[in-house]
Structures are given as C-alpha cells and as structure tokens.
Amino acid sequence: MTPDTSTPRQAGSPASSPSAGRWRLDPAGTASVGSRVLGLVTLVGIAAFLLVALVASPPDSGRDASINQMGEAVRIMYLHVPVAIVCFLAFFVTAASGAMYLWRKSEGWDLLAAASAEVGVVFTALTLATGSIWGRFAWGAWWVWDARLTTTALLLILFLGYLALRRAITDPVARAKRAAIAGLIGFADVPIVHYSVDWWRSLHQKATITRFNPTIDGLKLFALMFGMVVFLLVYAWLMVHRFRLQYVQARAEERGLDAAIAERRAEGSSGVASPLAGTGAAR
C-alpha cells in the first residue's frame, strides 16, 4: 500500500471524486472493492486455518523436542507464533515509515506509521495473551518474569506510549517528527525480544522455525506456516482500513484547524473595527 500524499478530498464529497477514485471508497466508510475482496479471502483463510490447526493437525506426542509433549495444547502455538511475527512486522513498518517521514517529510508516511502502530499494539496484546495460555500449560503459571515475556510486555508499553504521544501533540508536523523518533526508539526492543532467549537464561523455548531447519514437520509445520499467511492477510486488511481512517482524521483535523484560524481572524478584525466605528459615531 502506497501512502497517498495527493490533495485530499473534502468530507461528504462523493466517492467518485478524483482523489477517491483510486480507492473507490464507500461514501459511508473506508471500504472499497479491493478491501472487500481481501476481507473475503481473509475470512476464508481464517476458516481453513482453524480447520487445519484445530482438527486436521495431530496433538503433540513428545517426539518434537521444541514443544515438550504439549498434547492438544500444542495448537496454541499455531496462533501464538504467527501473531508474534505479525506484531514484529507491524512495528517494523512503523519504524521504517517514521524514517521515511524524517527523510521525505511526507504526510502519507506518518499516517502509515500510525496505522501500523495501532495494528501492532493489537497483535502484541494477542501475543501476550496466547503466550500466557501457553505458559499455563507449559510452566504451570499464567505469567513469569521471563526475558521473552518481559521484553514483549515492554514492547507493548513502548508503543502504547507512541500512540499516547500522537494524541498529546496538536501540531501535525511536530507530532509526526516526534512520533517518528519514538517509533524508531521503540522498534529497538524488537530484536531484543527476538534474541532474548539466546542472550539470557529463559524458560521460553528456542525458535521453532529458523535457518531453514524447523524442529517440527508434517501437518504441524503446515499449520504453523499457513497461520502466518492468514495473519499476514489479517494485518493487510486491518492496515487498509486503519490507513484510510487515519487519512480521513487528518483531513478533519486540518479543516478544524483552518476553521479555528479563520474564526480568530474574524474576531481580530471585528475587535479592531469596533473601536473605529465607535469613534466615527462619536464624531
């Protein structure tokens, strides 16, 4: 998806306006023909993924050393690993878009960074939730202060702070610049999360599929890889709508600022004219 930096269309204008024609937006929302097709494909993919992950794939029998005889609970991995990877991707997009904004000073990159951060926060929360369920079966506790869990929780806090920063600054240029820097700083935690199990003593298992040497195979591997594809589609669908909503909000904010400036100018003009008028009347 390429950030749109062209002249915005006004609110309430028909979807057939020149700027909206590229997306063919529904006038009542952020949907388009393309996003509806993507949404349908994503729904079909989710249904097929659930069938493979919950029904077709076998329970763990203990032969895979990486998953430590989890039985039916191994199915949590098919969800946990894909959402974790997508959360990393989302924050990479935020950081990369922020860097592009600092370089090009284009509003589209800032909007893309904001949209991806929002989606990334959702996937990080899902990562922690599914990880806690996994921990309950694997370690007998919902939460432990393990290096991987702690750094992931820090990642969530950092990007919640990123979103709070965006709401705290009213000037769009200053907001975009500071948010871009914050996004780059926050992304520094992503490689720490990834390598935490190698750098520190950790209860968390080592990577299951890396360097083309997966420790699982058969339907388990297929379910895991298929889950990654499906959740990448979910990310793409969410990004389409969040980016378009960010664009609409930016235009509404822009119109509100223009209206406020015009109102202040009108007040200033009337304030200057009023004393003069009074002087003329006195004469």
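Rules used in this analysis
- Residues numbered from 1 in each chain as written.
- Predicted model: local features only at pLDDT ≥ 70, side-chain atom pairs only at ≥ 80, totals over all residues.
- Heavy atoms only, no water.
- Helix = DSSP H or I, 4+ residues; strand = E, 2+ residues; numbered from the N terminus.
- Expected span 1.5 Å × (residues − 1).
- Buried < 20%, exposed > 50% of the residue type's maximum accessible area, 1.4 Å probe, protein only.
- Phe/Tyr/Trp six-rings, centres within 6.5 Å; stacked < 30°, edge-to-face > 60°.
- Lys NZ or Arg CZ within 6 Å of the ring centre and 35° of its normal.
- Core = buried A, V, L, I, M, F, W, Y, C linked by side-chain atoms within 4.5 Å.
- Contact = heavy atoms within 4.5 Å.

Draft legend 1. Up close: helix α2 (residues 75-104). The terminal C-alpha atoms of α2, which comprises 30 residues, lie 44 Å apart, in line with the 44 Å expected from a rise of 1.5 Å per residue. Following α2 by one or two positions, lysine 105 adopts a phi angle in the positive range, close to 55 degrees.

Draft legend 2. Quick peek at the environment of leucine 126. Considering the arrangement of structural elements, one finds leucine 126 in helix α3 (residues 107-138). Classification of leucine 126 by relative accessible area gives partly exposed; the value is 38%. Between the C-alpha atoms of leucine 126 and leucine 79, which are 47 residues apart in sequence, the distance is 9.1 Å.

Draft legend 3. Broad picture of the packing of aromatic side chains. Summed over all chains, the structure comprises eight aromatic pairs. Here tryptophan 143 and tryptophan 145 contribute two aromatic rings whose centre-to-centre distance is 5.5 Å and whose plane-to-plane angle is 85 degrees, an arrangement assigned as edge-to-face. Classification of tryptophan 143 by relative accessible area gives partly exposed; the value is 31%. Seen from their ring centres, phenylalanine 222 and phenylalanine 226 are 5.7 Å apart, and the 20 degrees between their planes marks the pair as stacked. With phenylalanine 222 and phenylalanine 226 both in helix α7 (residues 218-282) and four residues apart, the pair spans about one turn of that helix. Among the residues examined, phenylalanine 222 registers a relative accessible area of 43% and is labelled partly exposed. Taking relative accessible area as the criterion, phenylalanine 226 reaches 22% and is therefore assigned partly exposed. Through pairs of rings, three or more aromatic residues link up here, namely Phe49, Phe123 and Phe231. Geometry around tryptophan 103 places arginine 104 over its ring, the cationic atom sitting 5.4 Å from the centre. The ring of tyrosine 247 has arginine 251 lying over it, and the distance from NZ or CZ to the ring centre is 5.0 Å.

Draft legend 4. Structural context of the nonpolar core. Membership of the largest hydrophobic core comes to 42 residues, with the highest contact counts inside it found for Tyr78, Phe123, Phe159, Tyr162, Phe231 and Tyr235. Broken down by secondary-structure element, the contributors of at least two residues to this core are α1 (33-56), α2, α3, α4 (147-168) and α7. The element that contributes the greatest number of residues to this core is α7, accounting for 11 residues. With residues up to four places along the chain from it excluded, the contact list for tyrosine 78 reads Phe49, Ala53, Ser57, Pro58, Lys220, Ala223, Leu224 and Gly227.

Draft legend 5. Representation of the environment of aspartate 110. Here aspartate 110 lies in helix α3. Under the relative-accessibility criterion, aspartate 110 is labelled buried at 8%.

Draft legend 6. Structural detail: unusual backbone geometry. Of note in the backbone geometry, lysine 105 takes a positive phi value of approximately 55 degrees without being a glycine. In this structure, lysine 105 sits in the loop between α2 and α3.

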